[in-house]
Amino acid sequence: MKIFKNAWFGRFARKEKISADALWDAVERAEKGQIDADLGGGVIKQRIARPGAGKSKGYRSIILFRKGEKSFFVYGFSKSELGNIRDDEEEQFKKMAKHVLLLTDAQLSELIVNGQFEEVAKDG
């Protein structure tokens, strides 16, 4: 399993002090079938705990998810700031998933070099 975050999500995670371990936890729960919301088309919504608090008061993340393979964090928001994503945003994430989940290792490496994606290593 490999986990990546796009440049936008990387900035969001740094600003909100979301650790790599918290991202790994969200994906590991999804791998076990504990998905908060399956939006279809390889797109899931997972909760991420706020540092020092629980998941219910934490963040929501949009992940392009392929079980046992790759996961891409592409969007995140605080539950207190946004109730949910709009239908048109959900459709855009599904279109994105069709392309991103089919990237070859070479294509993904190029996107990493260009700064569009970053691999998430476990903390410590």
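What you see as residue numbers is a count from 1 along each chain, following the sequence as written. The predicted origin of the model limits local features to residues at a pLDDT of at least 70 and limits the giving and counting of side-chain atom pairs to 80 or more, whereas totals for whole chains, interfaces and linings rest on all residues. With hydrogens and water set aside, each side-chain value is computed from the structure's full complement of heavy atoms.

Asker: I'd like to hear about unusual backbone geometry, residue by residue, with values.
Answerer: In this model, lysine 17 sits at a positive phi of 60°, which is unusual for a non-glycine residue. You can see lysine 17 is positioned in the loop between helix H1 (7-16) and helix H2 (20-31). Each residue's exposure class comes from its accessible area (1.4 Å probe, protein chains only) as a fraction of the maximum for that residue type: buried when under 20%, exposed when over 50%, partly exposed otherwise. Its relative accessible area of 65% is what places lysine 17 among the exposed residues. The secondary structure listing takes helices from DSSP runs of H or I that are at least 4 residues long and strands from runs of E that are at least 2 residues long, numbered from the N terminus.

Asker: Quick rundown of the nonpolar core? Include the residues and the values.
Answerer: Nine residue types can take part in a nonpolar core, namely buried Ala, Val, Leu, Ile, Met, Phe, Trp, Tyr and Cys, and a core is a set of them joined through side-chain atoms within 4.5 Å. Counting 19 residues, the largest nonpolar core has Phe9, Ile18, Leu23, Ile48 and Phe73 as its most contacted members. When residues of this core are traced back to their parent elements, those giving at least two are H1, H2, strand S3 (43-48) and strand S4 (59-65). For this core, the leading source of residues is H2, giving 7 residues. What phenylalanine 73 contacts, discounting residues up to four positions off in sequence, is Ile3, Phe4, Lys5, Asn6, Phe9, Leu23, Ala26, Val27, Ile48, Ser61, Ile62 and Ile63. Phe72, Val100, Leu101 and Leu111 belong to the second largest nonpolar core, which has 17 residues in total. It only takes one pair of heavy atoms within 4.5 Å for two residues to be counted as in contact.

Asker: With reference to specific residues and values, describe the pairing of strand S1 (residues 2-6).
Answerer: The side chains of a regular strand alternate between the sheet's two faces. Of all the 5 residues making up S1, 4 are buried; the element is thus mostly covered by neighbouring parts of the structure. Two strands qualify as a pair provided DSSP detects at least 2 bridges between them. As paired elements, S1 and strand S5 (residues 70-78) share 4 bridges and run parallel to each other. Its bridge partner being in S5, lysine 2 is matched across the sheet by lysine 70. Judged from the 3 bridges that link them, S1 and strand S6 (residues 117-119) form a sheet pairing that is antiparallel. Following the sheet pairing, lysine 5 is matched in S6 by glutamate 118.

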